[in-house]
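Architecture and fold: a report
The lines below spell out each chain.
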Amino acid sequence: MSGASVLFDAPGPKARRLSRILSAVTAVVVVAGLGWVFATLNAPRESGGVTLPGMFDAVRWNIASDPEMWGFIISVGVWGTLRAAAVAAVLAIALGIVLSLLRSSTIAWIRIPTAVLIEFFRGMPVLLMMLFILLVAGTGQYWAVVSALAIYNGALIGEALRAGLVALPRGQREAALSVGMRPLQSKMLVEFPQAFRQMLPIIVAQLVVLLKDTSLAYIVGYPELLRVTLNNLGSFYGNRYLFTLWCIAFVFYLVIDLSLSWFARWLARRTDRRYHTGKGPAADDPTQGLLVAQAVASARESESRGQG
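This section reports on the structure supplied with the text. None of these values were measured; they are calculated from a predicted model.

Digging into the overall build of the protein
The secondary structure content of the protein amounts to eleven helices and two strands. Considering the protein as a whole, with its 308 residues, one finds that 33% of them fall into the buried category. Of the contacts formed within the protein by residues at least 6 apart in sequence, a portion of 69% connects residues at least 24 apart. On the protein, roughly 18100 Å² of surface is accessible, and the fraction owed to carbon and sulfur atoms is 67%.

As structure tokens, this is what we get:
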């Protein structure tokens, strides 16, 4: 019995034929649906006795040859989105590290309030948090967006890192304590680096979501990609070009998000290959954290001998 049919029987001739027929029918339905959408959008429309051209008519796309439009979108919209996302990502990772350490503390009066705080941040909508910071704290549009994204995603990253700490074998901590390390030293030097490395693909994937959530800044008036294209340029060029500008914004978001998603998948494959299949320089020594612990213990012992 082959490895491919361990969990289920291999499909026979009838099953394969049925699968091909269903695939062909599905492809035809999808193509027909896309064709219907294109024909509907491209059909001229009557509005107030005036015939409006279809959405894909050439008169709606002539602004694509305007270099000033592209320069404005990239220098203001794309830059505003990336600037807010980059700063929020750094703050979210830093906050997530702090929350994960506090959440995994053995002291109840530290662990329980941190857990309540994390659940509160996770349950609050990002847009509501932006509006609260903008109206109550009065930080301005940029920092309202950055702070809300950092707090919300920091809580999610903190939970991911805490899960990574919990998933580590108990022998890591016990071995670190056995060579003379304190519990905090064990967590910072042995456990946390391994948990962060294991959760890194998940963290990167969450940062992709963070970048998408920058579009919520449209509501608070921050000049990010969506607001620049649909609001500023839409008012400048007129309603005729709103669909064109929407498509341009969609393409920019798609390129940025797919690039980050590809990086997250590449990082996940690389991490899995290095630390699970034995490839890469770090996989030759899976107890590297314990070596650090032993080095710290040896240094402490040498220091105590010198003082004696």
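A word on a nonpolar patch on the surface
Taken together, the side chains of Trp246, Phe250, Val251, Leu254, Val255 and Leu258 make up a nonpolar region of the molecular surface, amounting to roughly 560 Å² of accessible area. Residue position: Phe250 is located in helix H10 (residues 242–276). Note on Phe250: relative accessible area 42%, which makes it partly exposed.

Some points on the pattern of salt bridges
Enumeration over the complete set of coordinates arrives at four salt bridges. With its nearest N and O atoms 3.7 Å apart, the salt bridge here joins Glu159 to Arg122. With Glu159 in helix H5 (residues 141–167) and Arg122 in helix H3 (residues 108–123), the pair connects residues that are 37 residues apart, well separated along the chain. Overall, the relative accessible area of 15% leaves Glu159 in the buried class. Of the charged contacts, one joins Arg162 and Glu159 as a salt bridge, the two residues approaching to 3.3 Å between their closest N and O atoms.

Some words on a positive patch on the surface
A surface patch of positive charge is lined by Lys14, Arg16, Arg17 and Arg20. Note that Arg16 resides in helix H1 (residues 13–42). Given a relative accessible area of 41%, Arg16 falls into the partly exposed group.

Regarding the nonpolar core
The biggest cluster of nonpolar side chains holds 44 residues, and the ones touching the most others in it are Met69, Ile73, Met130, Val145, Leu149, Leu210 and Tyr222. Among the elements that line this core, the one with the most residues is H5, at ten residues.

Section: the environment of Arg197
Within the element layout of this structure, Arg197 appears in helix H7 (residues 183–213). Separated by 33 residues in the primary sequence, Arg197 and Gly164 place their C-alpha atoms 8.9 Å from one another.

Regarding H7
In a regular helix each residue adds 1.5 Å, so 31 residues correspond to 45 Å; H7 covers only 37 Å between its end C-alpha atoms and thus falls short of that length. Of all the bends in H7, the greatest reaches close to 55° and is centred on Leu200; the proline Pro201 follows between one and four positions later.

Looking at the packing of helix H2 (residues 67–103) against H3
Between H2 and H3, the least distance of the axes is 8 Å, while the angle of their chain directions is 135°. Considering the angle they form, H2 stands oblique to H3. Together, Leu99, Leu102 and Arg103 of H2 and Ile110, Arg111, Thr114, Ala115 and Ile118 of H3 make up the contact between the two elements. The residue inventory of the contact of H2 with H3, partitioned by class, reads five nonpolar, one polar and two charged.

Some remarks on the packing of aromatic side chains
One pass over the structure, following the stated rule, counts eleven aromatic pairs. Measuring from ring centre to ring centre gives 5.0 Å for Phe236 and Tyr237, while their planes differ by 85°; the resulting arrangement is edge-to-face. What links up through ring pairs into an aromatic cluster is the set Phe38, Phe56, Phe243, Trp246 and Phe250. One residue, Arg83, lies across the ring of Tyr142, its end atom 4.3 Å from the ring centre. Seen from the ring of Tyr218, Arg227 lies directly overhead, with NZ or CZ sitting 5.4 Å from the centre.

Re the environment of Arg60
Examined against the element boundaries, Arg60 turns out to sit in the loop between strand E2 (50–52) and H2. Of the residues examined, Arg60 reaches a relative accessible area of 8% and is grouped as buried. For the pair Arg60 and Thr244, spaced 184 residues apart in the sequence, the C-alpha separation amounts to 6.6 Å. Residue contacts for Arg60: discarding those within four places in its chain leaves Leu52, Pro53, Gly54, Met55, Arg240, Tyr241 and Thr244.

Quick word on the side chain of Glu224
Topologically, Glu224 is positioned in the loop between helix H8 (217–220) and helix H9 (225–237). No salt bridge forms around the buried Glu224; measuring N to O, its nearest opposite-charge neighbour Arg227 is 6.6 Å away. Within the structure, Glu224 has its side chain in polar contact with the backbone nitrogen of Arg227 (distance 2.8 Å). Excluding residues within four positions of it along the chain, Glu224 makes contact with Gly77, Thr81, Thr214, Ser215, Ala217, Tyr218 and Tyr253.

Rules used throughout
Residues numbered from 1 in each chain as written. Predicted model: local features only at pLDDT ≥ 70, side-chain atom pairs only at ≥ 80, totals over all residues. Heavy atoms only, no water. Helix = DSSP H or I, 4+ residues; strand = E, 2+ residues; numbered from the N terminus. Buried < 20%, exposed > 50% of the residue type's maximum accessible area, 1.4 Å probe, protein only. Contact = heavy atoms within 4.5 Å. Areas by Shrake-Rupley, 256 points an atom, 1.4 Å probe, with all protein chains shown as cover. Patch = residues over 30% accessible without salt bridge, like charges linked within 9 Å, V, L, I, M, F, W, Y side chains within 5 Å. Salt bridge = Lys/Arg side-chain N within 4 Å of Asp/Glu carboxyl O. Lys, Arg positive; Asp, Glu negative; His and termini not counted. Charge placed at Lys NZ, Arg CZ, Asp CG, Glu CD. Core = buried A, V, L, I, M, F, W, Y, C linked by side-chain atoms within 4.5 Å. Expected span 1.5 Å × (residues − 1). Bend = angle between axes of the 7 residues up to and from the residue. Axes fitted to C-alpha atoms, helices over the stretch in contact; angles between N-to-C directions. Parallel < 35°, antiparallel > 145°, perpendicular 65-115°, else oblique. Nonpolar A, V, L, I, M, F, W, Y, C, P; charged D, E, K, R; others polar. Phe/Tyr/Trp six-rings, centres within 6.5 Å; stacked < 30°, edge-to-face > 60°. Lys NZ or Arg CZ within 6 Å of the ring centre and 35° of its normal. Polar contact = N/O pair within 3.5 Å; in protein donor to acceptor, adjacent residues only side chain to side chain.

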